[in-house]
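Descriptive analysis of the structure
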Amino acid sequence: MNPLYTLLARHSETTKIAIREPGGREWSYPEFFDLVARAARVLTDLGVESGDRVALQANKSTEALAVYLGCVQIGAVFLPLNTAYTESEIDYFLEDSAAALFICNPQIESVLATQTKRRVASLDGQGGGSFANLLESASVLLKVTPRNNDDLGAILYTSGTTGRSKGAMLSQQNLASNTETLVDYWQFTASDVLLHALPIYHTHGLFVASNVALATGATMLFHTSFNVDAVVADLPAATTMMGVPTFYTRLLADSRFNHELASHMRLFTSGSAPMLLETHLEFERRTGQRILERYGMTETGMLTSNPYHDERKPGTVGLPLPGVQLRLSTDDSAAGTERESATGSESQTDSDVIARPTAATIGMIEVKGPNVFSGYWQMPEKTAEEFRDDGFFVTGDLGSIDDDGYVTIVGRNKDLIITGGFNVYPKEIELLVDEVEGVRESAVIGLPHADFGEAVTAVVVFENKADKAGVGDTIRQHLETRLAKFKQPKEYVVVDELPRNTMGKVQKNLLRQQYGELFS
Ligand code: AMP
């Protein structure tokens with residue numbers, strides 16, 4: 001048995017189109033799964049064995065998706081990496097995961113091949129690269145390696161609170177169960193055509209979008225990135241779209257996106273970052289439809305969703321999904337924690353709320369379910385810190401639950417910044433800024449930004465006030481080669497000192513208030 005492969009390949013023999021690329025290339029289900037079986041062969045020929053990690057940092061392409069499924073077929077652990085990661089970040093991921101193979105862009109393949117003993121291959125996003133060349137001539141591998149529910153299917157690195165990224169270990173069952181739940185809850189069928197413009201190195205584009213589409217035999221319009229012109233051109237051919245809030249603000253800023261263009265669509269979903277109420281309202285005004293907002297995270301897959309048929313409440317992330325237990329803890333310490341809980345019901349109309357807090361109760365969201373990961377790769381202490389004794393995972397998100405059981409995310413206690421749908425933990429950036437000579441200390445915050453949702457902003461204190469001029473450029477240069485672009489501050493604010501509370505903790509809330517208008 002290989003539960004994830006069985007689920008994702010169950011339409012491999014239907015004659016429908018699995019993937020249509022905007023350039024015109026099409027892959028029927030049998031053609032796509034032929035590619036997958038050839039990818040499985042190439043991976044095996046390159047020495048990858050069941051349980052080995054295969055890291056991939058490559059532009060989005062059908063071939064890259066086939067590598068993911070090829071890994072599932074042979075029981076390898078897929079490790080997708082954000083294309084924005086720099087060389088030093090990549091070094092850490094490869095080292096930490098002890099990846100057996102790294103598939104990267106051709107430009108860095110030769111450099112890496114000479115520098116390290118690691119096995120490397122490449123994909124360029126246009127069907128080129130050494131891995132693609134091997135694919136061309138490879139024979140199909142028919143064997144599907146047996147795997148158990150608890151075996152690892154993927155490791156996805158999340159930004160670390162202490163500056164070190166953590167590898168979330170996702171099992172076959174975590175991924176398969178969440179896929180099945182979403183297919184059902186969002187009523188996907190083989191007649192669906194999903195406009196897929198999300199990156200596939202992130203849980204949203206890889207597991208939510210691709211897994212759901214493949215498991216239902218739907219067609220994906222596989223865009224390499226979100227481009228408004230291309231999306232507007234392809235919308236008439238789609239029935240559904242999954243996006244981050246930025247997609248929707250960009251569409252709404254375009255006058256071509258109107259009622260007529262959206263009228264045939266059965267579903268728009270949003271997640272990965274909070275969607276502003278005004279975006280929800282403007283979308284509904286423009287199209288007559290409500291975006292279905294859902295909530296989840298890398299470690300857990302999807303946790304809550306607004307209902308498909310029943311009321312979608314803008315500003316909330318909906319109800320716990322079937323099988324997901326969700327509760328709020330109102331005290332951060334494990335001992336004596338007071339808790340309120342809600343559990344996702346099988347029926348969308350009858351939310352099985354066990355004990356409902358008043359709407360005013362705000363607490364830490366804790367979750368349990370077959371979709372929740374088992375821990376961080378080789379970080380038992382970190383894992384233990386984030387799980388309660390009874391198996392609930394502490395999400396780090398603060399929320400409330402209303403009288404109908406709908407969950408609202410009110411904040412994050414871990415200081416996480418979400419910019420354009422990507423997570424950035426301030427600590428990682430602060431540590432680098434503080435390394436620069438002349439910097440005494442810094443505080444990195446997210447400020448409201450119309451396009452990115454939040455913009456990374458560094459508030460910096462210099463040793464010597466006279467240093468103010470010029471040091472900004474030095475910081476910028478220092479960060480440029482060490483951090484992915486999306487993590488680099490969009491703006492630097494220089495202050496004489498950081499506001500602190502009596503415990504000496506920097507009051508980032510005051511900074512966020514003071515500079516809240518910086519990007520407006
Ligand atoms: P990631 O692991 O990149 O998927 O990020 C997960 C985090 O994104 C969650 O812990 C939340 O803080 C945030 N998030 C995801 N979906 C939503 C949503 N619909 N509204 C608010 N925050 C969200």
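The residue numbers shown here count from 1 along each chain, following its written sequence. For this predicted model, a pLDDT threshold of at least 70 governs which residues receive local features, and a threshold of 80 or more governs which side-chain atom pairs are given and counted, while totals over whole chains, interfaces and linings are taken from all residues. For side-chain calculations, the full set of non-hydrogen atoms in the structure is used, while hydrogens and water are omitted.

Some thoughts on the site of the ligand
Threshold: For this description, a residue counts as near a given molecule or strand if any of its non-hydrogen atoms is within 4 Å of it. Each polar contact in these results corresponds to two N or O atoms within 3.5 Å; when the atoms are within protein, one needs to be able to donate a hydrogen and the other to accept it, and residues that are neighboring in sequence are counted only if both atoms are side-chain atoms. Each accessible area value is a Shrake-Rupley result obtained with a 1.4 Å probe; residue values ignore everything except the protein chains displayed when judging cover. Segments assigned H or I by DSSP are reported as helices when at least four residues long, segments assigned E as strands when at least two residues long, and all are numbered from the N terminus. By the convention adopted, Pro, Cys, Tyr, Trp, Phe, Met, Ile, Leu, Val and Ala count as nonpolar, Lys, Arg, Asp and Glu as charged, and the other residues, Gly among them, as polar.
Inspection of the region around the ligand gives 17 residues, with His202, Glu293, Arg294, Thr298 and Asp397 positioned closest. Between arginine 294 and the ligand, the recorded distance is 2.8 Å, taken from a backbone N or O atom to a nitrogen atom. Contacts to the ligand include aspartate 397, whose side-chain N or O atom sits 2.6 Å from an oxygen atom. Coverage of the ligand by the protein chains reaches 96% of its 500 Å² of free accessible surface. Elements with a contribution of two residues or more to the shell around the ligand: β13 (292-297) and β21 (407-412). A total of five residues in the shell around the ligand trace back to one element, the largest contributor, which is β13. Grouping the amino acids of the shell around the ligand by side-chain chemistry returns seven nonpolar, six polar and four charged.

Notes on the domain arrangement of the chain
Worth spelling out the cut-off: As annotated, the domain borders come from an automatic or database domain assignment. Computed with a 1.4 Å rolling probe, the buried area is the accessible surface lost when two parts are put together, summed over both parts. Here, a salt bridge means any Lys or Arg side-chain nitrogen found within 4 Å of an Asp or Glu carboxyl oxygen.
Here the chain is partitioned into domain 1 (3-252) and domain 2 (417-514). Centre-to-centre, using C-alpha coordinates, domain 1 lies 33 Å away from domain 2. Counting each side, the surface lost to burial between domain 1 and domain 2 is near 1300 Å², with a carbon and sulfur contribution of 51%. Remark: the boundary between domain 1 and domain 2 carries two salt bridges.

What about the pairing of strand β16 (residues 325-329)?
This is how the line gets drawn: Remark: exposure states derive from per-residue accessible area (1.4 Å probe, protein chains only) relative to the maximum for the residue type, with buried under 20%, exposed over 50%, and partly exposed in between. Each pair of strands is called paired provided DSSP finds at least two bridges between the two strands.
Most of β16 is tucked away, with four of its five residues classed as buried. Where β16 meets strand β18 (residues 363-368), five bridges bridge the pair, whose relative direction is antiparallel. If you follow arginine 327 over to β18, its bridge partner there is glutamate 366.

A look at the nonpolar core
Stated precisely, the cut-off is as follows: We call a set of buried residues a nonpolar core when its members are Ala, Val, Leu, Ile, Met, Phe, Trp, Tyr or Cys and they connect through side-chain atoms within 4.5 Å of each other. Residues count as neighbours in contact if any of their non-hydrogen atoms are within 4.5 Å of one another.
If you look at the biggest cluster of nonpolar residues, it comprises 116 residues, and the most contacted ones within it are Phe32, Leu65, Tyr68, Ile103, Phe131, Met241 and Phe268. The residues touching isoleucine 103, leaving out its near neighbours within four places in the chain, are Leu43, Val54, Ala55, Leu56, Gln57, Val67, Ala121, Ser122, Leu123 and Phe131. Ranked by size, the runner-up nonpolar core spans 36 residues in total, among them Leu152, Tyr157, Val433 and Val460.

Observations regarding unusual backbone geometry
Its identity is not glycine, yet alanine 98 carries a phi of approximately 50°, on the positive side. Residues other than glycine seldom take positive phi values, yet glutamine 378 does so here, at roughly 50°. Of note, glutamine 378 is situated in the loop between β19 (375-376) and α13 (380-386).

Section: the sheet that holds strand β26 (residues 491-494)
We count it as follows: All axes here are fitted lines through C-alpha atoms, helices being fitted over the stretch that makes contact, and every angle between N-to-C directions spans 0 to 180 degrees.
Taken in spatial order, the three strands of this open sheet run β24-β25-β26, and their pairing is mixed. The open sheet has two free edges, formed respectively by β24 (439-449) and β26, since each of these has just one partner strand. Averaged over all adjacent pairs, the angle separating strand axes in this sheet is 30°, with direction ignored. Where strand β25 (residues 453-462) and β26 come together, four bridges link them in parallel fashion. Bridge pairing in β26 places valine 459 opposite valine 493.

Some points on helix α3 (residues 62-74)
Heads up, the rule is: To estimate how far a helix should reach, multiply one less than its number of residues by 1.5 Å.
With 13 residues, α3 should reach 18 Å at 1.5 Å per residue; the first-to-last C-alpha distance of 18 Å fits that figure. Burial runs high along α3: 13 of the 13 residues are buried. Looking at the residues trailing α3, positive phi occurs at glycine 75, about 75°.

A look at the side chain of histidine 196
Relative to the elements of secondary structure, histidine 196 occurs in strand β9 (residues 193-196). Taking relative accessible area as the criterion, histidine 196 reaches 1% and is therefore assigned buried. Here lysine 60 takes part through its side chain, which lies 2.8 Å from a polar atom of the side chain of histidine 196. Reaching out from histidine 196, the side chain makes a polar contact with the side chain of serine 210 at a distance of 3.1 Å.

A few points about the sheet that holds strand β10 (residues 219-222)
Strand order across the open sheet formed by nine strands is β2-β1-β10-β9-β11-β12-β13-β14-β15, with mixed pairing between neighbours. Only two strands of the sheet have a single neighbouring strand rather than two, namely β2 (26-28) and β15 (319-320). The pairing of strand β1 (residues 17-20) with β2 spans three bridges and is antiparallel. Residue arginine 20 lies in a different strand from β2, and its bridge partner there is glutamate 26.

Some thoughts on the packing of aromatic side chains
Here is the rule: A pair of Phe, Tyr and Trp rings is counted when the ring centres sit within 6.5 Å of each other, with Trp represented by its six-membered ring. The angle between the planes then sorts it: under 30 degrees is stacked, over 60 is edge-to-face, the rest tilted. We call a charge positioned above a ring when the Lys NZ or Arg CZ atom is no farther than 6 Å from the ring centre and deviates by at most 35 degrees from the ring normal.
Counted under the stated rule, the structure contains 20 aromatic pairs. Members of the aromatic cluster, joined through ring pairs, are Tyr85, Tyr92, Phe93 and Tyr157. Directly above the ring of phenylalanine 188 sits arginine 266, whose terminal nitrogen or CZ lies 4.9 Å from the centroid. Lying across the ring of phenylalanine 452, lysine 490 places its NZ or CZ 4.5 Å from the centre.

Examining the packing of helix α2 (residues 29-45) against helix α6 (residues 130-137)
The test is simple: In what follows, roughly perpendicular refers to angles from 65 to 115 degrees, roughly parallel to angles under 35, roughly antiparallel to angles over 145, and oblique to any angle outside these ranges. It is the rotation of the near helix from the far one that decides the hand of a crossing: anticlockwise by less than a right angle makes it left-handed, clockwise makes it right-handed.
Here α2 crosses α6 at 115°, and the two axes come no closer than 9 Å. Considering the angle they form, α2 stands roughly perpendicular to α6. Here α2 and α6 pass one another in a crossing that is right-handed. Packed against α2, whose contacting residues are Leu35, Arg38, Ala39, Val42 and Leu43, the element α6 presents Phe131, Leu134, Leu135 and Glu136 at the interface. Of the residues in the contact of α2 with α6, the class split is seven nonpolar, no polar and two charged.

What about the packing of helix α7 (residues 172-185) against helix α8 (residues 203-216)?
Running from amino to carboxyl end, α7 crosses α8 at an angle of 70°, the nearest separation of the two axes being 9 Å. The angle between α7 and α8 places the two elements in the roughly perpendicular class. The segment α7 lies against α8, with Leu175, Thr179, Leu182 and Val183 engaging Phe207, Val208, Asn211, Val212, Ala215 and Thr216. Residues belonging to the contact of α7 with α8 are distributed by class as follows: seven nonpolar, three polar and no charged.

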